[in-house]
Amino acid sequence: MISQVQVYAKMKENFNKINETKTVNVKTVLFRETDSFRDCWAHRDTSLLITRFQMQMLIPSEKPNEIKILLEYLTLCLSVIVQESKNLDKLNKSILTEALSDVLGGYINSYGLPFVYKMLYEGKAKMTMIEKLIDLSENFKSRLDTNGRGWTLPVQTESFLDNVKPAKIICNAYFDFCDTLIFDGSTLSTKNRTLFESCEMFSSIPLPILDNICKPNAIALPTKGLTLTNLNQFSAAKPILTVYYRSVICCGNMIQMNSKIDCTKERANFVNKFYNWLDTVLVTLLKDNVCHPPLIGILKLKKTVNQYMRNEKHDLEISKTRSKENIRYNSRDSAVGHFIYFIISFFITGLFWSVIFSFKLISDRGQDEDEHIQAIRFHDSIIDDSPEESNTDVRTRIKFTESFANKHTEDVTALYLFECNQKHYQSEFSNDGYDTDFSATN
(Lines give C-alpha, C1' and ligand atoms only; values in the text may rest on other atoms or scores of the structure.)
Protein backbone atom coordinates (compact mmCIF):
# COMPACT_ATOMS: atom_id res chain seq x y z
CA MET A 1 0.00 0.00 0.00
CA ILE A 2 1.26 3.46 -0.84
CA SER A 3 0.70 6.29 1.59
CA GLN A 4 -1.50 9.23 0.69
CA VAL A 5 1.47 11.65 0.95
CA GLN A 6 3.37 9.88 -1.83
CA VAL A 7 0.28 9.83 -4.00
CA TYR A 8 -0.22 13.57 -3.57
CA ALA A 9 3.43 14.23 -4.32
CA LYS A 10 3.24 12.41 -7.64
CA MET A 11 -0.10 14.06 -8.40
CA LYS A 12 1.42 17.50 -7.83
CA GLU A 13 4.39 16.75 -10.05
CA ASN A 14 2.24 15.48 -12.88
CA PHE A 15 -0.24 18.29 -12.45
CA ASN A 16 2.49 20.88 -13.00
CA LYS A 17 3.43 19.18 -16.26
CA ILE A 18 -0.15 18.93 -17.39
CA ASN A 19 -0.86 22.55 -16.51
CA GLU A 20 1.84 23.69 -18.95
CA THR A 21 -0.06 22.12 -21.86
CA LYS A 22 -3.21 24.18 -21.10
CA THR A 23 -5.56 21.30 -21.80
CA VAL A 24 -9.21 21.40 -20.85
CA ASN A 25 -10.40 19.67 -17.71
CA VAL A 26 -12.96 17.00 -18.55
CA LYS A 27 -12.97 15.53 -15.02
CA THR A 28 -13.17 11.78 -14.58
CA VAL A 29 -15.52 8.85 -14.00
CA LEU A 30 -12.78 6.67 -12.52
CA PHE A 31 -12.73 8.43 -9.17
CA ARG A 32 -15.11 10.36 -7.02
CA GLU A 33 -14.55 13.50 -4.99
CA THR A 34 -14.83 11.54 -1.77
CA ASP A 35 -11.72 9.54 -2.75
CA SER A 36 -9.57 12.48 -1.69
CA PHE A 37 -10.46 11.71 1.92
CA ARG A 38 -9.23 8.13 1.77
CA ASP A 39 -6.47 7.22 4.22
CA CYS A 40 -4.75 4.70 1.98
CA TRP A 41 -4.74 3.66 -1.65
CA ALA A 42 -4.35 0.32 -3.33
CA HIS A 43 -1.48 -0.17 -5.75
CA ARG A 44 -3.83 -0.48 -8.72
CA ASP A 45 -5.74 2.68 -7.79
CA THR A 46 -2.52 4.64 -7.45
CA SER A 47 -1.23 3.38 -10.80
CA LEU A 48 -4.58 4.21 -12.43
CA LEU A 49 -4.53 7.71 -10.92
CA ILE A 50 -0.98 8.40 -12.14
CA THR A 51 -1.73 6.98 -15.59
CA ARG A 52 -4.87 9.09 -15.80
CA PHE A 53 -2.87 12.22 -15.10
CA GLN A 54 -0.37 11.31 -17.76
CA MET A 55 -3.16 10.70 -20.26
CA GLN A 56 -4.51 14.18 -19.58
CA MET A 57 -1.87 15.55 -21.94
CA LEU A 58 -3.55 13.71 -24.83
CA ILE A 59 -6.58 15.97 -24.64
CA PRO A 60 -6.62 18.59 -27.46
CA SER A 61 -6.14 22.13 -26.25
CA GLU A 62 -8.67 23.59 -28.71
CA LYS A 63 -12.23 22.89 -29.65
CA PRO A 64 -12.67 20.62 -32.67
CA ASN A 65 -13.21 22.42 -35.97
CA GLU A 66 -13.26 19.44 -38.32
CA ILE A 67 -14.71 16.09 -37.42
CA LYS A 68 -12.42 14.27 -39.85
CA ILE A 69 -9.26 15.52 -38.11
CA LEU A 70 -10.77 14.71 -34.71
CA LEU A 71 -11.50 11.11 -35.75
CA GLU A 72 -8.01 10.68 -37.17
CA TYR A 73 -6.48 11.93 -33.92
CA LEU A 74 -8.58 9.65 -31.72
CA THR A 75 -7.86 6.66 -33.93
CA LEU A 76 -4.12 7.40 -33.74
CA CYS A 77 -4.22 7.55 -29.92
CA LEU A 78 -6.03 4.22 -29.72
CA SER A 79 -3.64 2.51 -32.12
CA VAL A 80 -0.59 3.73 -30.16
CA ILE A 81 -2.00 2.53 -26.83
CA VAL A 82 -2.94 -0.83 -28.31
CA GLN A 83 0.53 -1.20 -29.77
CA GLU A 84 2.26 -0.27 -26.49
CA SER A 85 0.04 -2.51 -24.37
CA LYS A 86 0.91 -5.72 -26.25
CA ASN A 87 3.91 -6.40 -24.01
CA LEU A 88 2.09 -5.54 -20.77
CA ASP A 89 0.34 -7.89 -18.44
CA LYS A 90 -3.41 -7.98 -18.05
CA LEU A 91 -3.47 -5.67 -15.00
CA ASN A 92 -1.39 -2.90 -16.54
CA LYS A 93 -3.18 -3.24 -19.88
CA SER A 94 -6.55 -2.70 -18.17
CA ILE A 95 -5.15 0.32 -16.29
CA LEU A 96 -3.88 1.82 -19.54
CA THR A 97 -7.14 1.14 -21.33
CA GLU A 98 -9.30 2.58 -18.57
CA ALA A 99 -7.22 5.74 -18.29
CA LEU A 100 -7.33 6.32 -22.07
CA SER A 101 -11.06 5.65 -22.22
CA ASP A 102 -11.68 8.10 -19.39
CA VAL A 103 -9.63 10.86 -21.06
CA LEU A 104 -10.89 10.47 -24.64
CA GLY A 105 -14.42 9.57 -23.60
CA GLY A 106 -14.64 12.65 -21.38
CA TYR A 107 -13.36 14.89 -24.15
CA ILE A 108 -15.80 13.47 -26.72
CA ASN A 109 -18.72 13.78 -24.29
CA SER A 110 -17.88 17.31 -23.09
CA TYR A 111 -16.42 18.97 -26.22
CA GLY A 112 -16.38 16.62 -29.19
CA LEU A 113 -20.05 15.74 -29.59
CA PRO A 114 -21.47 19.24 -28.84
CA PHE A 115 -19.32 20.81 -31.54
CA VAL A 116 -19.95 17.92 -33.92
CA TYR A 117 -23.70 18.36 -33.44
CA LYS A 118 -23.19 22.04 -34.12
CA MET A 119 -21.41 21.11 -37.36
CA LEU A 120 -24.35 18.86 -38.19
CA TYR A 121 -26.84 21.68 -37.65
CA GLU A 122 -24.60 23.91 -39.75
CA GLY A 123 -24.67 21.35 -42.53
CA LYS A 124 -20.89 20.82 -42.50
CA ALA A 125 -20.53 17.31 -41.04
CA LYS A 126 -21.12 14.01 -42.81
CA MET A 127 -23.42 11.55 -41.15
CA THR A 128 -21.00 8.64 -41.53
CA MET A 129 -18.33 10.43 -39.49
CA ILE A 130 -20.84 11.49 -36.88
CA GLU A 131 -21.96 7.88 -36.50
CA LYS A 132 -18.33 6.76 -36.03
CA LEU A 133 -17.75 9.35 -33.33
CA ILE A 134 -20.96 8.41 -31.51
CA ASP A 135 -20.03 4.71 -31.69
CA LEU A 136 -16.59 5.50 -30.31
CA SER A 137 -18.12 7.45 -27.42
CA GLU A 138 -20.51 4.58 -26.62
CA ASN A 139 -17.58 2.16 -26.72
CA PHE A 140 -15.65 4.19 -24.12
CA LYS A 141 -18.71 4.35 -21.87
CA SER A 142 -19.20 0.61 -22.17
CA ARG A 143 -15.59 -0.11 -21.17
CA LEU A 144 -15.89 2.09 -18.13
CA ASP A 145 -19.44 0.92 -17.34
CA THR A 146 -20.67 4.51 -16.95
CA ASN A 147 -23.19 6.89 -18.39
CA GLY A 148 -20.71 9.80 -18.33
CA ARG A 149 -22.17 11.50 -15.28
CA GLY A 150 -18.73 12.15 -13.72
CA TRP A 151 -17.40 14.00 -16.78
CA THR A 152 -17.73 17.71 -17.40
CA LEU A 153 -21.14 18.70 -18.66
CA PRO A 154 -21.33 19.21 -22.42
CA VAL A 155 -20.19 22.69 -23.36
CA GLN A 156 -22.81 25.09 -24.67
CA THR A 157 -22.17 26.04 -28.29
CA GLU A 158 -24.63 28.94 -28.44
CA SER A 159 -21.75 31.44 -28.29
CA PHE A 160 -20.07 29.87 -31.34
CA LEU A 161 -22.75 30.66 -33.93
CA ASP A 162 -21.19 33.76 -35.47
CA ASN A 163 -19.52 32.06 -38.43
CA VAL A 164 -22.60 30.24 -39.68
CA LYS A 165 -23.27 30.73 -43.38
CA PRO A 166 -26.88 31.11 -44.56
CA ALA A 167 -28.57 28.43 -46.62
CA LYS A 168 -29.36 29.10 -50.26
CA ILE A 169 -33.04 29.15 -51.12
CA ILE A 170 -33.46 28.57 -54.86
CA CYS A 171 -36.90 28.37 -56.45
CA ASN A 172 -37.29 26.29 -59.58
CA ALA A 173 -39.72 28.03 -61.92
CA TYR A 174 -40.81 24.70 -63.44
CA PHE A 175 -41.71 23.04 -60.12
CA ASP A 176 -45.03 23.47 -58.32
CA PHE A 177 -44.01 24.05 -54.71
CA CYS A 178 -47.60 24.68 -53.62
CA ASP A 179 -48.45 21.09 -54.50
CA THR A 180 -45.96 19.79 -51.90
CA LEU A 181 -47.59 21.62 -48.96
CA ILE A 182 -50.47 20.56 -46.76
CA PHE A 183 -52.73 23.43 -45.75
CA ASP A 184 -55.07 23.58 -42.77
CA GLY A 185 -58.74 22.51 -42.76
CA SER A 186 -60.07 25.72 -44.30
CA THR A 187 -58.20 25.03 -47.52
CA LEU A 188 -60.10 21.79 -48.11
CA SER A 189 -63.29 23.64 -49.03
CA THR A 190 -64.32 25.02 -52.40
CA LYS A 191 -62.22 28.10 -51.73
CA ASN A 192 -59.04 26.13 -52.32
CA ARG A 193 -58.53 27.62 -55.74
CA THR A 194 -58.89 31.19 -54.54
CA LEU A 195 -56.38 30.44 -51.79
CA PHE A 196 -53.70 29.90 -54.41
CA GLU A 197 -54.59 33.25 -55.94
CA SER A 198 -54.28 35.33 -52.77
CA CYS A 199 -51.85 36.05 -49.94
CA GLU A 200 -53.92 34.04 -47.45
CA MET A 201 -51.71 31.08 -48.31
CA PHE A 202 -49.09 32.21 -45.78
CA SER A 203 -51.60 32.21 -42.91
CA SER A 204 -53.00 28.82 -43.96
CA ILE A 205 -49.73 26.89 -43.58
CA PRO A 206 -49.18 25.40 -40.09
CA LEU A 207 -45.81 25.56 -38.37
CA PRO A 208 -43.88 22.32 -37.62
CA ILE A 209 -44.85 20.51 -34.41
CA LEU A 210 -42.54 18.65 -32.01
CA ASP A 211 -43.81 15.74 -29.94
CA ASN A 212 -41.96 17.05 -26.89
CA ILE A 213 -40.50 20.52 -26.61
CA CYS A 214 -38.03 19.47 -23.89
CA LYS A 215 -36.86 16.13 -25.31
CA PRO A 216 -38.08 15.92 -28.90
CA ASN A 217 -38.10 12.56 -30.63
CA ALA A 218 -40.36 13.25 -33.62
CA ILE A 219 -41.46 16.20 -35.72
CA ALA A 220 -44.58 16.72 -37.84
CA LEU A 221 -44.35 18.87 -40.98
CA PRO A 222 -47.18 20.06 -43.27
CA THR A 223 -45.38 18.70 -46.34
CA LYS A 224 -46.29 15.70 -48.44
CA GLY A 225 -43.96 12.74 -47.84
CA LEU A 226 -42.49 14.19 -44.63
CA THR A 227 -45.54 14.38 -42.42
CA LEU A 228 -43.97 12.58 -39.40
CA THR A 229 -40.21 12.08 -39.04
CA ASN A 230 -38.16 10.37 -36.32
CA LEU A 231 -35.54 12.85 -35.13
CA ASN A 232 -33.16 10.10 -33.94
CA GLN A 233 -33.08 8.18 -37.20
CA PHE A 234 -29.84 8.50 -39.16
CA SER A 235 -31.38 7.25 -42.39
CA ALA A 236 -33.66 10.31 -42.41
CA ALA A 237 -30.75 12.75 -42.53
CA LYS A 238 -32.37 15.26 -44.84
CA PRO A 239 -32.75 19.01 -44.30
CA ILE A 240 -36.48 18.69 -43.81
CA LEU A 241 -36.93 22.14 -42.27
CA THR A 242 -35.07 23.76 -45.15
CA VAL A 243 -37.28 21.86 -47.60
CA TYR A 244 -40.37 23.05 -45.74
CA TYR A 245 -39.26 26.69 -45.63
CA ARG A 246 -38.23 26.71 -49.28
CA SER A 247 -41.59 25.23 -50.32
CA VAL A 248 -43.51 27.93 -48.46
CA ILE A 249 -41.41 30.84 -49.76
CA CYS A 250 -41.32 29.57 -53.36
CA CYS A 251 -45.06 28.86 -53.30
CA GLY A 252 -45.70 32.43 -52.15
CA ASN A 253 -43.40 33.83 -54.84
CA MET A 254 -45.19 31.80 -57.50
CA ILE A 255 -48.61 33.05 -56.35
CA GLN A 256 -47.35 36.61 -56.22
CA MET A 257 -46.00 36.43 -59.76
CA ASN A 258 -49.06 34.73 -61.25
CA SER A 259 -51.66 36.88 -59.48
CA LYS A 260 -49.60 40.09 -59.64
CA ILE A 261 -50.30 40.91 -55.99
CA ASP A 262 -48.05 42.13 -53.18
CA CYS A 263 -47.74 39.60 -50.32
CA THR A 264 -44.89 41.34 -48.50
CA LYS A 265 -46.82 41.86 -45.27
CA GLU A 266 -48.24 38.32 -45.12
CA ARG A 267 -44.88 36.76 -45.93
CA ALA A 268 -43.17 38.86 -43.25
CA ASN A 269 -45.70 37.65 -40.66
CA PHE A 270 -45.06 34.01 -41.55
CA VAL A 271 -41.27 34.43 -41.50
CA ASN A 272 -41.46 36.14 -38.13
CA LYS A 273 -43.53 33.29 -36.62
CA PHE A 274 -41.23 30.66 -38.10
CA TYR A 275 -38.15 32.46 -36.76
CA ASN A 276 -39.61 32.51 -33.24
CA TRP A 277 -40.34 28.80 -33.53
CA LEU A 278 -36.77 28.11 -34.64
CA ASP A 279 -35.43 30.04 -31.67
CA THR A 280 -37.46 27.90 -29.27
CA VAL A 281 -36.38 24.66 -30.92
CA LEU A 282 -32.69 25.54 -31.08
CA VAL A 283 -32.55 26.31 -27.36
CA THR A 284 -33.64 22.71 -26.77
CA LEU A 285 -31.48 21.10 -29.44
CA LEU A 286 -28.23 22.77 -28.41
CA LYS A 287 -28.68 21.69 -24.79
CA ASP A 288 -29.97 18.12 -24.92
CA ASN A 289 -26.66 16.75 -26.30
CA VAL A 290 -28.54 14.35 -28.57
CA CYS A 291 -28.00 13.93 -32.28
CA HIS A 292 -31.01 14.74 -34.48
CA PRO A 293 -29.95 13.94 -38.06
CA PRO A 294 -33.20 15.12 -39.76
CA LEU A 295 -32.53 18.64 -38.45
CA ILE A 296 -29.33 18.96 -40.44
CA GLY A 297 -28.67 22.53 -41.57
CA ILE A 298 -31.07 24.13 -39.07
CA LEU A 299 -28.51 26.77 -38.03
CA LYS A 300 -27.98 27.75 -41.66
CA LEU A 301 -31.73 28.00 -42.04
CA LYS A 302 -31.95 30.26 -39.00
CA LYS A 303 -29.29 32.52 -40.50
CA THR A 304 -31.22 32.64 -43.76
CA VAL A 305 -34.49 33.49 -42.03
CA ASN A 306 -32.74 36.18 -39.98
CA GLN A 307 -31.35 37.82 -43.10
CA TYR A 308 -34.71 37.49 -44.82
CA MET A 309 -36.41 39.24 -41.91
CA ARG A 310 -33.99 42.12 -42.09
CA ASN A 311 -34.49 42.40 -45.84
CA GLU A 312 -38.26 42.22 -45.44
CA LYS A 313 -38.14 44.94 -42.80
CA HIS A 314 -36.08 47.09 -45.12
CA ASP A 315 -38.50 46.41 -47.99
CA LEU A 316 -41.48 47.28 -45.80
CA GLU A 317 -39.88 50.57 -44.84
CA ILE A 318 -39.16 51.31 -48.50
CA SER A 319 -42.73 50.39 -49.49
CA LYS A 320 -44.15 52.64 -46.77
CA THR A 321 -41.91 55.49 -47.91
CA ARG A 322 -42.91 54.94 -51.51
CA SER A 323 -46.59 54.81 -50.59
CA LYS A 324 -46.30 58.16 -48.79
CA GLU A 325 -44.46 59.62 -51.77
CA ASN A 326 -47.06 58.20 -54.12
CA ILE A 327 -49.86 59.77 -52.07
CA ARG A 328 -48.08 63.11 -52.16
CA TYR A 329 -47.32 62.83 -55.86
CA ASN A 330 -50.85 61.62 -56.61
CA SER A 331 -52.36 64.63 -54.85
CA ARG A 332 -50.02 66.87 -56.79
CA ASP A 333 -50.75 65.03 -60.02
CA SER A 334 -54.50 65.22 -59.36
CA ALA A 335 -54.32 69.02 -59.09
CA VAL A 336 -52.25 69.20 -62.25
CA GLY A 337 -54.64 66.78 -63.92
CA HIS A 338 -57.64 68.91 -63.02
CA PHE A 339 -55.92 72.00 -64.37
CA ILE A 340 -55.02 70.24 -67.62
CA TYR A 341 -58.57 68.90 -67.90
CA PHE A 342 -59.91 72.43 -67.45
CA ILE A 343 -57.59 73.80 -70.14
CA ILE A 344 -58.51 71.04 -72.57
CA SER A 345 -62.23 71.46 -71.87
CA PHE A 346 -61.96 75.22 -72.35
CA PHE A 347 -60.09 74.75 -75.61
CA ILE A 348 -62.62 72.21 -76.92
CA THR A 349 -65.55 74.46 -75.93
CA GLY A 350 -63.94 77.45 -77.60
CA LEU A 351 -63.24 75.42 -80.71
CA PHE A 352 -66.85 74.23 -80.80
CA TRP A 353 -68.30 77.74 -80.56
CA SER A 354 -65.80 79.12 -83.09
CA VAL A 355 -66.98 76.49 -85.57
CA ILE A 356 -70.62 77.42 -84.89
CA PHE A 357 -69.90 81.13 -85.38
CA SER A 358 -67.97 80.37 -88.57
CA PHE A 359 -70.93 78.51 -90.03
CA LYS A 360 -73.20 81.40 -88.98
CA LEU A 361 -70.97 83.96 -90.68
CA ILE A 362 -70.81 81.86 -93.83
CA SER A 363 -74.61 81.53 -93.93
CA ASP A 364 -75.08 85.28 -93.30
CA ARG A 365 -72.56 86.10 -96.01
CA GLY A 366 -74.44 83.86 -98.47
CA GLN A 367 -77.72 85.56 -97.57
CA ASP A 368 -76.13 88.99 -98.09
CA GLU A 369 -74.87 87.92 -101.47
CA ASP A 370 -78.38 86.72 -102.45
CA GLU A 371 -79.94 90.03 -101.39
CA HIS A 372 -77.24 91.93 -103.21
CA ILE A 373 -77.91 89.94 -106.39
CA GLN A 374 -81.64 90.63 -106.08
CA ALA A 375 -80.92 94.36 -105.68
CA ILE A 376 -78.77 94.33 -108.79
CA ARG A 377 -81.48 92.51 -110.72
CA PHE A 378 -84.05 95.05 -109.51
CA HIS A 379 -81.73 97.83 -110.54
CA ASP A 380 -81.38 96.38 -114.00
CA SER A 381 -85.13 95.97 -114.31
CA ILE A 382 -85.71 99.62 -113.43
CA ILE A 383 -83.26 100.73 -116.04
CA ASP A 384 -84.81 98.43 -118.67
CA ASP A 385 -88.48 99.31 -117.87
CA SER A 386 -88.18 103.16 -117.80
CA PRO A 387 -85.94 104.25 -120.63
CA GLU A 388 -87.57 107.72 -120.82
CA GLU A 389 -87.05 108.45 -117.17
CA SER A 390 -84.50 111.09 -116.38
CA ASN A 391 -81.09 110.20 -115.04
CA THR A 392 -81.78 112.06 -111.80
CA ASP A 393 -84.91 110.06 -111.07
CA VAL A 394 -83.19 106.82 -111.87
CA ARG A 395 -80.29 107.57 -109.59
CA THR A 396 -82.69 108.52 -106.80
CA ARG A 397 -84.61 105.29 -107.14
CA ILE A 398 -81.44 103.19 -107.29
CA LYS A 399 -80.01 104.92 -104.24
CA PHE A 400 -83.22 104.35 -102.30
CA THR A 401 -83.37 100.72 -103.34
CA GLU A 402 -79.73 99.95 -102.50
CA SER A 403 -79.88 101.78 -99.20
CA PHE A 404 -82.85 99.69 -98.14
CA ALA A 405 -81.34 96.46 -99.42
CA ASN A 406 -78.16 97.04 -97.44
CA LYS A 407 -80.12 97.14 -94.18
CA HIS A 408 -80.35 93.28 -94.25
CA THR A 409 -83.68 93.16 -92.48
CA GLU A 410 -86.45 90.65 -92.76
CA ASP A 411 -89.05 92.61 -90.88
CA VAL A 412 -92.45 92.27 -92.53
CA THR A 413 -93.51 95.80 -91.66
CA ALA A 414 -90.42 97.33 -93.19
CA LEU A 415 -90.94 95.26 -96.35
CA TYR A 416 -94.55 96.40 -96.50
CA LEU A 417 -93.57 100.06 -96.19
CA PHE A 418 -90.96 99.56 -98.86
CA GLU A 419 -93.49 98.12 -101.27
CA CYS A 420 -96.02 100.91 -100.54
CA ASN A 421 -93.37 103.55 -101.00
CA GLN A 422 -92.30 101.93 -104.23
CA LYS A 423 -95.91 101.98 -105.57
CA HIS A 424 -96.39 105.59 -104.52
CA TYR A 425 -93.11 106.47 -106.14
CA GLN A 426 -94.12 104.81 -109.38
CA SER A 427 -97.55 106.50 -109.44
CA GLU A 428 -96.05 109.87 -108.61
CA PHE A 429 -93.44 109.78 -111.32
CA SER A 430 -95.46 108.05 -114.00
CA ASN A 431 -95.41 109.57 -117.49
CA ASP A 432 -99.17 109.90 -117.74
CA GLY A 433 -99.60 111.84 -114.57
CA TYR A 434 -96.69 114.06 -115.32
CA ASP A 435 -97.97 114.89 -118.75
CA THR A 436 -101.47 115.66 -117.47
CA ASP A 437 -100.26 118.00 -114.76
CA PHE A 438 -97.83 119.63 -117.10
CA SER A 439 -100.48 120.25 -119.80
CA ALA A 440 -102.89 121.64 -117.28
CA THR A 441 -100.35 124.03 -116.11
CA ASN A 442 -99.71 125.19 -119.50
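Below or above, wherever it landed, is the structure these notes cover.

What counts, and where the lines are drawn
Residues numbered from 1 in each chain as written. Predicted model: local features only at pLDDT ≥ 70, side-chain atom pairs only at ≥ 80, totals over all residues. Heavy atoms only, no water. Pairing = 2+ DSSP bridges. Helix = DSSP H or I, 4+ residues; strand = E, 2+ residues; numbered from the N terminus. Patch = residues over 30% accessible without salt bridge, like charges linked within 9 Å, V, L, I, M, F, W, Y side chains within 5 Å. Areas by Shrake-Rupley, 256 points an atom, 1.4 Å probe, with all protein chains shown as cover. Salt bridge = Lys/Arg side-chain N within 4 Å of Asp/Glu carboxyl O. Core = buried A, V, L, I, M, F, W, Y, C linked by side-chain atoms within 4.5 Å. Buried < 20%, exposed > 50% of the residue type's maximum accessible area, 1.4 Å probe, protein only. Contact = heavy atoms within 4.5 Å. Disulfide = S-S within 2.5 Å. Axes fitted to C-alpha atoms, helices over the stretch in contact; angles between N-to-C directions. Parallel < 35°, antiparallel > 145°, perpendicular 65-115°, else oblique. Nonpolar A, V, L, I, M, F, W, Y, C, P; charged D, E, K, R; others polar. 1 Å grid on protein atoms, 1.4 Å probe; cavity = no way out; pocket = protein on both sides within 12 Å on 5 of 7 lines; lining within 4 Å. Points joined across faces, edges and corners; volume = space filled by probe spheres on them.

Focus on the sheet that holds strand S3 (residues 209-210)
Part 1: With antiparallel pairing, three strands are arranged side by side in an open sheet as S3-S4-S5. The open sheet has two free edges, formed respectively by S3 and strand S5 (228-230), since each of these has just one partner strand.

Side note on a nonpolar patch on the surface
Part 1: Taken together, Phe339, Ile340, Phe342, Ile343, Ile344, Phe346, Phe347, Ile348, Leu351, Val355, Phe359 and Ile362 make up a surface patch of nonpolar side chains, about 1300 Å² in accessible area.
Part 2: Its place among the elements puts phenylalanine 359 in helix H9 (residues 298-385).

Concerning the nonpolar core
Part 1: Counting residues in each nonpolar core, the largest one holds 78 residues, and the members touching the most others are Ile67, Tyr121, Ile130, Leu133, Ile219, Leu241 and Ile298.
Part 2: Broken down by secondary-structure element, the contributors of at least two residues to this core are helix H2 (43-55), helix H3 (67-84), helix H4 (90-122), helix H5 (127-144), helix H7 (240-259), helix H8 (264-288) and H9.
Part 3: Per element, the largest residue contribution to this core is 16 residues, and it comes from H4.
Part 4: Excluding residues within four positions of it along the chain, isoleucine 130 makes contact with Ile67, Val116, Leu120, Ala125, Phe234 and Cys291.

Description of the state of the cysteines
Part 1: Following the criterion strictly, the structure yields two disulfides and no others.
Part 2: Paired by a disulfide, cysteine 171 and cysteine 250 hold their sulfur atoms 1.9 Å apart. Its torsion about the S-S bond being -85°, the disulfide of cysteine 171 and cysteine 250 is classed as left-handed. Taken together, the residues cysteine 171 in the loop between H5 and helix H6 (192-195) and cysteine 250 in helix H7 connect sequence positions 79 residues apart.
Part 3: A residue is classified by how much of its surface remains accessible, and cysteine 171, at 35% relative accessible area, is partly exposed.
Part 4: For cysteine 250, a relative accessible area of 3% gives the class buried.

Considerations on the environment of proline 293
Part 1: Position of proline 293 relative to the elements: it lies in the loop between H8 and H9.
Part 2: Each C-alpha atom, one on proline 293 and one on lysine 238, is 7.3 Å from the other, the two residues being 55 residues apart in sequence.

Description of the packing of H7 against H8
Part 1: At a closest axis distance of 12 Å, the pairing of H7 and H8 adopts a crossing angle of 175°. On the basis of the axis angle, H7 is roughly antiparallel to H8. Taken together, the residues of H8 that come into contact with H7 (itself represented by Leu241, Tyr244, Tyr245, Val248, Ile249, Asn253 and Gln256) are Arg267, Phe270, Val271, Phe274, Trp277 and Leu278.
Part 2: Classifying every residue of the contact of H7 with H8 by side-chain character gives ten nonpolar, two polar and one charged.

A word on unusual backbone geometry
Part 1: Even without a glycine there, the phi angle at lysine 27 is positive, about 60°.
Part 2: Relative to the elements of secondary structure, lysine 27 occurs in the loop between helix H1 (4-21) and strand S2 (40-41).
Part 3: With a phi angle near 55°, aspartate 145 is a residue other than glycine that sits in the positive phi range.
Part 4: Tracing the sequence through the fold places aspartate 145 in the loop between H5 and H6.

Quick word on empty space enclosed by the protein
Part 1: Tallied over the entire structure, the rule returns one cavity of 30 Å³ or more.
Part 2: One number sums up the size of the largest cavity: a volume of about 80 Å³.
Part 3: Of all the secondary structure elements, the ones that give two or more residues to the lining of the largest cavity are H4 and H8.
Part 4: Its residues assigned to classes, the lining of the largest cavity comprises seven nonpolar, three polar and one charged.

Distances and angles like these do not, on their own, reveal function.
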